[in-house]
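# What the coordinates show
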Amino acid sequence: MSETQLQRARSGELTAAMKRVAERESRDPETVRRAVAEGRAVIPNNHEHDVLDPMIIGREFATKVNANIGNSETTSNPEEELRKLHAAVHYGADTVMDLSTGANLDSIRETNVQHAPVPVGTVPIYEAVTRVDDVADLTPELLLDVIEKQARQGVDYMTVHAGVLLEHVPLTNGRKTGIVSRGGSILAKWMEENDAQNPLYTHFERICAIFAEYDVTFSLGDGLRPGCLADACDDAQFAELETLGELTRTARDHGVQVMVEGPGHVPMDDIEMNVERQQEVCDGAPFYVLGPLVTDIAPGYDHITSAIGATEAARAGAAMLCYVTPKEHLGLPEEEDVRDGLAAYRIAAHAADVATGQPGARDWDDALSEARYEFDWSRQFELALDPERARAYHDQSLPGDNYKKARYCSMCGVEFCSMRIDQDARAVDGDMESIDSETDLTDSPAAAANLPPTGTHDMRSVPDLPSFAEHASEGHGDD
Ligand code: SF4
């Protein structure tokens, strides 16, 4: 039986995945091995996921971003899902979670794994629920069957809400928004109706055995995460966190890699404390956070409310950010929402990487600033996080090729372009120093890892389908 990345790291082996990760992050392979061996980082890498381009999730590496894809009860088909996968990877997702709950679950999952160069995550309880008439009819054997099958299909990491215990549920009484995690609410209902402990907790070691066989990474779900600011940091959230710490140690004892999911909605001034507490309770296991949203007042803009929290969380030590789209709380995201959500989260991740001093992170900013000051518009678009949007916005008012070297844009106009005025002043006034513009991205690790539009993922496995945008406009959108 093949061993997990964790087991091999502990025995001192430098695996091909560790070497590839080291190359992508411009780190010493031994640094990668040690982080994995100590559980501070994970390399989700199911033995059955052949086309995966390995990546690493850990606070000392570049902050990663996950995008959720998947169908609902009303759509869709494997080809449709492949378009979503393509859009997510194209716009820079480091991992994708297939949260499908509709038809064709197996073929969609298998197709995604066959084509995804990034790790694929799932929440197996979603499929288990589709197989019963009532949540209360779920059985431990059914849950384990689904988990084992998805592991065999090549899923790299799974959200398992094993930390929601029977005794935690009453702690949610008095909340403003109750239990907002799908998995958490399903398990709470099951425990209430069966008057029994969470089967994912009681059978956790059997799940560990499956995960060890395929090298599936745990993403220990936060089923009692707060759904609004008023419920943040309450007894229910932190009681579950204690259990997640216990489960982290159990999984590691079985040689299984672990990351831990985090809240939800948290006031800005509590985010750092949340990250530090998770790191302490879970012995440094990578923290994978959903946002968090720092205010509840802006439905329609929750990619922004949550990206603010995500930036703060990543600066404080969160390792991966689960994106939120503008449709959060309102409806299923479409392609433009995926694009906006991913842009917001890649900005959050990069801003945190600049703040924490990730090697070379600032080079990208500096190179773009230099292109901007030099009025090299084409280079500025090339370096933009979303080149297509930057170019489109510029060309709305000044579309001609002659404007790609123009010393102004339509924002201030030719007379009031401060950068042009500054340059002219420097040319005539010998007292003003010239401007330094020497950032060389060819030697920049962060630029190598981040340059748009696709990062360094090996994209050869993703089929070159018509763009999701074109397809959506033909009436086959992501709904
Ligand atoms: S016109 Fe204004 S916004 Fe445009 S390049 Fe000049 S300074 Fe920048």
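Residue positions within a chain follow its written sequence, with the count starting from 1. Local features in this predicted model are restricted to residues of pLDDT 70 or higher, and side-chain atom pairs are both shown and tallied only at a pLDDT of 80 or more, whereas totals for entire chains, interfaces and linings draw on every residue. Hydrogens are left out, water is left out, and the side-chain values use all remaining heavy atoms of the structure.

## Focus on the UniProt feature "binding site: [4Fe-4S] cluster" (unreviewed entry) in the protein
As a reminder of what qualifies: UniProt positions are given in the numbering used here, feature names are shortened, and annotations may be inferred rather than shown by experiment. Site definitions follow a grid-based scheme: protein atoms alone, a 1 Å grid, a 1.4 Å probe that fits but cannot get out for cavities, and for pockets an open set with protein on both sides within 12 Å along at least five of seven lines, plus lining residues having an atom within 4 Å of a point. Three labels apply to residues, based on accessible area from a 1.4 Å probe with only protein chains included: buried if under 20% of the type maximum, exposed if over 50%, partly exposed otherwise in between. Helix and strand definitions here come from DSSP, where helices need a minimum of 4 consecutive H or I residues and strands a minimum of 2 consecutive E residues; each element is numbered from the N-terminal end.
Listed under "binding site: [4Fe-4S] cluster" (unreviewed entry) in the UniProt record, and renumbered for this structure, are Cys409, Cys412 and Cys417. The annotated residues named above include Cys409, Cys412 and Cys417 as those lining the second largest pocket. A relative accessible area of 42% places Cys412 in the partly exposed class. Within the element layout of this structure, Cys417 appears in the loop between α18 (413-416) and α19 (418-428). With a relative accessible area of 8%, Cys417 lands in the buried category.

## Re the site of the ligand
For the record, the criterion: Being near a molecule or strand, for a residue, means having at least one of its heavy atoms within 4 Å of it. Just a note on the criterion: a molecule sits in a pocket or cavity if more than half of its atoms are within 2 Å of the grid points. The residue classification treats Ala, Val, Leu, Ile, Met, Phe, Trp, Tyr, Cys and Pro as nonpolar and Asp, Glu, Lys and Arg as charged. All others, Gly included, are polar.
The environment of the ligand is made up of Phe375, Trp377, Cys409, Met411, Cys412, Cys417, Ser418 and Met419. Its atoms largely coinciding with the cavity grid, the ligand occupies the second largest pocket. When its residues are assigned to classes, the shell around the ligand shows seven nonpolar, one polar and no charged.

## Focus on the sheet that holds strand β5 (residues 120-122)
To be explicit about the condition: We treat two strands as partners when DSSP finds at least two bridges between them. Interaxial angles span 0 to 180 degrees and are taken between N-to-C directions of axes, which are lines fitted to C-alpha atoms, for helices over the stretch in contact. Residue contacts are counted whenever heavy atoms from the two residues lie within 4.5 Å of one another.
With respect to topology, eight strands assemble into a closed barrel ordered β3-β4-β5-β6-β7-β8-β9-β10, the strand pairing being parallel. Averaged over all neighbouring strand pairs, the angle between strand axes comes to 25°, with direction disregarded. Bridge count between strand β3 (residues 64-69) and strand β10 (residues 320-322): three bridges; the pairing is parallel. Each bridged residue has a counterpart across the sheet, and for Lys64 the counterpart in β10 is Met320. Taken strand by strand, helix α14 (residues 335-356) contacts β3 and β10, and its axis lies near 160° from that of β3.

## A closer look at the nonpolar core
Condition: Put simply, buried Ala, Val, Leu, Ile, Met, Phe, Trp, Tyr and Cys residues joined by side-chain atoms within 4.5 Å make one nonpolar core.
Counting residues in hydrophobic clusters, the biggest one holds 97 residues, and the most contacted among them are Leu138, Phe211, Phe218 and Tyr345. Excluding its chain neighbours within four sequence positions, the residues that come into contact with Phe211 are Ile147, Met158, Val160, Val216, Thr217, Phe218 and Val256. Judged by nonpolar contacts, the second largest core, of 13 residues, contains Ala35, Ala37, Ile56 and Phe61.

## Topic: the environment of Glu280
With respect to the helices, strands and loops of the structure, Glu280 is situated in helix α12 (residues 271-281). Expressed as a C-alpha distance, the spacing of Glu280 and Gly245, which sit 35 residues apart in the sequence, is 8.7 Å.

## Examining unusual backbone geometry
Cis geometry is adopted by the peptide bond preceding Gly264, which originates at Pro263 and carries an omega value of -10°. Secondary-structure assignment places Gly264 in the loop between β8 (258-262) and α12. A cis amide bond links Gly291 to the next residue, Pro292, at an omega of 5°. Along the chain, the position of Pro292 falls in the loop between β9 (287-290) and α13 (302-316). Phi angles above zero are rare outside glycine, and Asp215 is one such case at about 60°. By the secondary structure assignment, Asp215 is in the loop between α10 (204-214) and β7 (217-220). Classification of Asp215 by relative accessible area gives buried; the value is 1%. A positive phi angle, near 55°, is found at Phe375, a position not held by glycine. Mapping Phe375 onto the fold places it in the loop between α15 (361-373) and α16 (377-383).

## As for the packing of aromatic side chains
A ring pair, where both rings are aromatic, is described by two values, the distance of the centres and the angle of the planes. Stated precisely, the cut-off is as follows: Only the six-membered ring of Trp is used, alongside the rings of Phe and Tyr, when aromatic pairs are assigned; centres must lie within 6.5 Å, and planes under 30 degrees apart are stacked while those over 60 apart are edge-to-face, with the rest tilted.
Counting across every chain of the model gives four aromatic pairs. Between Tyr157 and Tyr288 the ring centres are 6.3 Å apart and the planes differ by 80°, which places this aromatic pair in the edge-to-face class. Of this pair, Tyr157 sits in strand β6 (residues 157-160) while Tyr288 sits in strand β9, and the two are 131 residues apart along the sequence. Each of the two residues, Tyr157 as well as Tyr288, counts as buried. Following the ring pairs from residue to residue traces out a cluster consisting of Phe204, Phe211 and Phe218.

## Here's the deal with the packing of α12 against α13
Filter applied, for reference: Just so you know how the angles are binned, under 35 degrees is roughly parallel, over 145 roughly antiparallel, 65 to 115 roughly perpendicular, and the rest oblique. When the near helix sits turned anticlockwise from the far one by under a right angle, the crossing is termed left-handed; a clockwise turn instead gives a right-handed crossing.
Look at α12 against α13: their axes get within 9 Å of each other, and the N-to-C directions meet at 45°. Judged on the interaxial angle alone, α13 and α12 are oblique. Considering only the axes of α12 and α13, their crossing is right-handed. Within the contact between the two elements, α12 uses Ile271, Glu272 and Val275 and α13 uses Gly309, Glu312, Ala313, Arg315 and Ala316. Among the residues forming the contact of α12 with α13, the class breakdown is four nonpolar, one polar and three charged.

## Here we look at the layout of surface pockets
For clarity, the cut-off: Grid points are joined across faces, edges and corners, and a volume is the space filled by probe spheres set on the points. What counts as a domain boundary in this text is fixed by an automatic or database domain assignment.
Within this model, the largest pocket holds a volume of roughly 1,200 Å³. Lining of the largest pocket is provided by 48 residues; of these, Asn68, Leu99, Tyr126, Arg182 and Glu328 occupy positions nearest its centre. Of the volumes computed, that of the second largest pocket is approximately 750 Å³. In terms of lining residues, the second largest pocket is bounded by 30 residues, among which Leu368, Arg372, Gln380, Ala384 and Ala390 are the most central. Looking at the lining of the second largest pocket, the elements that each hand over two or more residues are α14, α15, α16, α17 (387-397) and α19. Residues that form the lining of the second largest pocket fall into these classes: 17 nonpolar, eight polar and five charged. In terms of domain composition, the lining of the second largest pocket takes at least three residues from each of domain 1 (5-356) and domain 2 (361-450).

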